[in-house]
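# Breakdown of the fold
Below, each chain spelled out in residue letters.
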Amino acid sequence: MPLKIYIINKQIMTNPQIEIQLIAVVVAIACAIPGVFLVLRKMALISDAISHSILPGIVIGFFITQDLNSPLLILLAAFTGVITVVLVEMIQKTGLVKEDTAIGLVFPALFSIGVILIAKNANDVHLDVDAVLLGELAFAPFDRLLISGMDMGPQSLWVMGVILLITLGLLFLFFKELKVSTFDTGLSSALGFSPLILHYGLMSVSSVTVVGAFDAVGAILVVALMIAPAATAYLLTSDLKKMLLLSVGFGVFSAIAGYWLAHLLDASISGSMTTVLGIVFLLVYLFAPSKGLLSVLYRQKQQRIEVSLITFLLHLNNHQEENERHVNHLNEHINWQKVRSKSVLELAQKNNMIGIENNIVSLTDKGREFTNLALEYIITNKDEKIEHMKEDFFLFRG
Amino acid sequence: MIDRKLAVSVDDLTVAYNYKPVLWDIDLQIPEGVLMAIVGPNGAGKSTLIKAILGIIKPIAGSIAIYNKPYKKQRKLVAYVPQKGSVDWDFPTTALDVVMMGTYGSLGWIKRPGQKEKKASLEALEKVGMLSFKNRQISQLSGGQQQRVFLARALVQDASIYFMDEPFQGVDATTEIAIINILKELRKAGKTVIVVHHDLQTVPEYFDWVTFLNVKKIATGPVKDIFNDDNLTKTYGINYKVAVNK
C-alpha cells in the first residue's frame, strides 16, 4: 500500500523510513528546547496539562479547518494550552488549593470536553481518541504537502520544521531574558524583563510545539519528549547552554534509536522512542559523574569515613600518651569496626597526615594543620581557609 | 537633611495579598546617601515594601518615585539583591554568569553581554573576594559565598540606589563584615543603600538611618535620633531589651 502511493507521486524524499526518522528528530528537538526551561522552572507538570487540554482546541479547530495540519488549527489549539495555564494560575491564586491540585482540576475538565466533542461527532470527524493520545508516526509520511501538484514531502515535517525554526529563533533572541527570568524572577522584573511576558511566551511556544507534535507522537508521549531529555541533561551539566545541547542530543538519539527499536520489535514508534528516553534517563540517573545515584552513594560513604578521620585525628591531637595512640587500641577505644579503622588509617596515610612507628600512631605536621583547620571550620563555619581541602575531601564541599 | 535630595519617595502606599493588607498607607522619604535599615517583625512587610518600590509587586494604592520619577524610567539607577532563598541555587550556572545577569538591565532586550560586561563582572567578583570562584557552579558555593555573588551582581549594575533583602541571612561573620564594609564604601561614594535587616543589635553599628515597619510605618530617620526603646516597643510590641537579647 505505501509502495503504491510512492510510485504514483513525484517524490522529493522517496524513502518513508528516512522521512519518519526525520520527523521524529525534528519533533524531539522542538520538544527538548522548551522542555529545558519547563524543567528548570519546575513546571514539568504544566506540559502534561497542556498536552491534554489542547484536545478541545484541536477538535474545534478541526471542525473549522478540516485539516489537522492547518496553521489556524495549531494556533487555536495552542491558545487552549495558554488558557490552561491561565486557568491553573487563577485557581492557584485563590489560595484555596496548591498548584498541582489546580493542574489536576483544569486539564481533565478540558480534556473531557474534547473527548465528548469527538464522541458526539465521531462520524464526521476523522479523529479518534487513541490516535490523539498515542499518535502514530508511521502514518505521518502519508500526509503529503502538495504545492501545485508537486510533492514537497510529509506535511508534518514542514509543520514541525517551521515550529522548530521559530523556537530556535526565539531561543537565540531571548536566551538571556529566559535565563534571568527562570533563575531569578525578582531580578528579572526589577531589570525590566517582564517575567509575565516571558512566562506566557514560553507557554505559547510549548503549546504550539505540543499541538504540532501531537499527531506524530500523541498527547501523552509528547510530555516524555519534553521532560525526559531535559531531566537527563540536568543530571549531567551545570551550564544552561550545555544542558540545552545535551537535551537536544538525547532527544535526537532516542528518536533514531526508538525508530529502530520499533522496527525490531514491530511496535509503536513513539512508544519505543519514549522507552529509549526512559532507559537513557535511568542509565544517567545511576551513573552520572556527580549527581548520579552511584556517585552520591560513594560520596556519602567517603563522607562517613572522613568524619571518622577527623574524629581520629582529633583523638591523636588530644593524646600525647603512647597507649592512647596504639593502632590496636584505636580499634577498641574509638569503638570502630576493623574495616572502618583500616579505611580511616589508610586515608590518613594516603594524605600524609599520620606516621606509624612500632604500631604507635602520631600526627605529622600536615595532619596537625589539617586537624586545626577542620576544627576551626566546624566551629566557625568560615570556609576561606579550607578551600584547598575541598579538592580532596567531600566533607568540605558545599 | 533639609537640603538633601530625596532618593526614594513613597506616598500612601498600600499593598495587599488576597485583600489582606500587608502594607498600610506607607509614606516614606529616603534621602540620598544614607545607609538605611528596614526593621520590623516577621510579616511586617519589609520585603514587600522593597518589591513594591521596584515594581515587582503591584500596589493597590499609592505612588513611588525614584529621584522624582517613576521607577520604570529610573531602572538603571537601581540595583536589587533579592533574598538568597528566593532563587534555586541548583540552577545550572556559574558564579560569573550570575554576576553577568546584573549587566542585563543596561543591555536591554535581545542584546547580549560582551567583553565589556564580562570585565565589569570579573571586577565586581574581585571586589567581593570571589574572583577565584568565578567558574564554580553556584550550588557548590557556601551560603556566604552565594550572598557575595549576589552582592557582586548588584555592584556590577553600578547603580545609585541599592536595595538588599536580608543580605546577612545565613552568612558567617567574615562575610557579614565583608558585606557591611562594601555597603559603607557605597555610602561613602554617595550611593543610597536600603537593607532589610533582622539583627537589631547591629543596627547602630552598621547603619546611619533606620525605618521601623510593621504593616504601617512606625518611624523613620537617623539612627541616633529614633533608634530607641519607644519605637522598638511600638514596632515589636514587646520590651526593647527582650527584642535585642532574643
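Throughout this document, residue positions are counted from 1 along each chain, in the order its sequence is written. Throughout, the order in which chains and ligands are written sets their labels, letters from A for the former and numbers from 1 for the latter. Two thresholds apply to this predicted model, a pLDDT of at least 70 for residue-level local features and 80 or more for giving and counting side-chain atom pairs, whereas whole-chain, interface and lining totals are computed over all residues. The side-chain figures draw on all heavy atoms in the structure; neither hydrogens nor water molecules are used.

### A few points about the overall build of chain A
Where helices and strands are cited, they refer to DSSP runs of H or I of at least four residues and of E of at least two residues respectively, numbered from the N terminus. Per the secondary structure count, chain A includes 16 helices and four strands. Here chain A holds 398 residues, and the buried ones make up 49% of them. Intrachain contacts of chain A at a sequence separation of at least 6 include 65% that bridge at least 24 residues. Accessibility throughout is a Shrake-Rupley quantity obtained with a 1.4 Å probe, and a residue counts as covered only by protein chains that appear here. Looking at chain A as shown, the accessible area adds up to about 19,100 Å², and 65% of this sits on carbon and sulfur atoms. Partly exposed describes any residue whose relative accessible area lies between the buried limit of under 20% and the exposed limit of over 50%, with all areas from a 1.4 Å probe on protein chains only and scaled to the type maximum. For this analysis, residues touch if any pair of their heavy atoms sits within 4.5 Å.

### Focus on the interface of chain A and chain B
Contact residues are listed per partner, giving 36 residues for chain A and 39 residues for chain B. Contact between chain A and chain B buries roughly 3,300 Å² in total, counting both sides, with carbon and sulfur atoms accounting for 60%. Salt bridge, as used here: a side-chain nitrogen of Lys or Arg that lies within 4 Å of a carboxyl oxygen of Asp or Glu. Counting across the interface, chain A meets chain B through three salt bridges. Among the ionic pairs, Arg153 of chain B bridges to Asp184 of chain A, the shortest N-O distance being 2.7 Å. Throughout this description, a polar contact denotes any pair of N or O atoms lying within 3.5 Å of each other; where both atoms belong to protein, one of them has to be capable of donating a hydrogen while the other can accept it, and for residues adjacent in sequence the pair is counted only when both atoms sit in side chains. For the pair chain A and chain B, the number of links is 14 residue pairs in polar contact (both at pLDDT 80 or more). Those elements that place two or more of their residues in the side of chain A that touches chain B are α7 (155-183), α8 (185-191), α9 (195-234), α10 (240-265) and α16 (387-390) of chain A. Per-element tally for the side of chain A that touches chain B: the top contributor is α7 of chain A, with nine residues. Amino acid classes used here: Ala, Val, Leu, Ile, Met, Phe, Trp, Tyr, Cys and Pro are nonpolar; Asp, Glu, Lys and Arg are charged; the rest, including Gly, are polar. Considering only residue class, the side of chain A that touches chain B consists of 14 nonpolar, 10 polar and 12 charged. By definition, the buried area sums, over both parts, the 1.4 Å-probe accessible area that each loses when the two are put together.

### Remarks on helix α3 (residues 44-65) of chain A
Residues and elements named next belong to chain A. If you check α3, its first and last C-alpha atoms are 31 Å apart, about what 22 residues at 1.5 Å a residue would give, namely 32 Å. Its axis deflected by about 35 degrees at Leu55, α3 carries its strongest bend there, up to four residues before the proline Pro56. With its phi angle positive at about 60 degrees, Gln66 sits one or two positions after the end of α3. By this rule, a helix spans an expected 1.5 Å times one less than how many residues it contains. To obtain the bend at a residue, axes are fitted to the seven residues ending there and to the seven starting there, and the angle between these axes is taken.

### A few points about the side chain of Ser188 of chain A
Residue and element names in this part refer to chain A. Position of Ser188 relative to the elements: it lies in helix α8. Its relative accessible area of 0% is what places Ser188 among the buried residues. Filtering out sequence-adjacent residues up to four positions away, Ser188 remains in contact with Val180, Ser181, Phe193, Pro195 and Leu198.

### Concerning the sheet that holds strand β7 (residues 192-196) of chain B
Residues and elements named next belong to chain B. In spatial order, the strands read β5-β6-β7-β3-β8-β9; together these six strands make up an open sheet with mixed pairing. Bordering the open sheet on either side are β5 (78-81) and β9 (216-222), each of which pairs with just one other strand. Between one strand and the next, the sheet's axes are offset by a mean angle of 15 degrees, whatever the strand orientation. Should DSSP find at least two bridges between two strands, the strands are regarded as paired. Relative to β9, strand β8 (residues 209-214) is paired through six bridges, and the arrangement is antiparallel. Following the sheet pairing, Thr211 is matched in β9 by Thr220. A fitted line through C-alpha atoms serves as each axis, taken over the contacting stretch for helices, and the angle formed by two N-to-C directions is quoted from 0 to 180°. Along the sheet, helix α10 (residues 229-236) makes contact with β3 (35-39), β8 and β9, crossing β8 at roughly 30 degrees.

### Comments concerning the nonpolar core
In terms of nonpolar packing, the biggest core is built from 138 residues, with Val27 of chain A together with Tyr162, Phe168, Leu183 and Val210 of chain B touching the most fellow members. With 18 residues, α9 of chain A is the single largest residue contributor to this core. Apart from residues no more than four positions distant in its own chain, Leu183 of chain B is found in contact with Leu35, Leu151, Met164, Phe168, Val193 and Val195 of chain B. Counting 32 residues, the second-largest nonpolar core is a separate cluster that includes Leu23, Ile64, Tyr80 and Val196 of chain B. Residue types Ala, Val, Leu, Ile, Met, Phe, Trp, Tyr and Cys, when buried and joined through side-chain atoms within 4.5 Å, form a set referred to as a nonpolar core.

### Focus on the packing of aromatic side chains
Classification of ring pairs rests on two measures: the distance between centres of Phe, Tyr or Trp rings, Trp counted by its six-membered ring, which must be within 6.5 Å, and the angle between planes, read as stacked under 30 degrees, edge-to-face over 60 and tilted in between. Considering all chains together, one arrives at 10 aromatic pairs over all chains under this definition. Note on Phe174 of chain A and Trp109 of chain B: the rings are 5.9 Å apart at their centroids and 85 degrees apart in plane angle, and the pair reads as edge-to-face. A residue pair is termed interchain when its members come from two chains, as with Phe174 of chain A in helix α7 and Trp109 of chain B in the loop between α4 (104-107) and α5 (115-127). Given the relative accessible area of 36%, Trp109 of chain B is considered partly exposed. On the numbers, 6.1 Å between centres and 15 degrees between planes, the contact of Phe281 of chain A with Tyr285 of chain A is stacked. Residue Phe281 of chain A and its partner Tyr285 of chain A are located together in helix α11 (residues 269-287), separated by four residues, close to a single helical turn.

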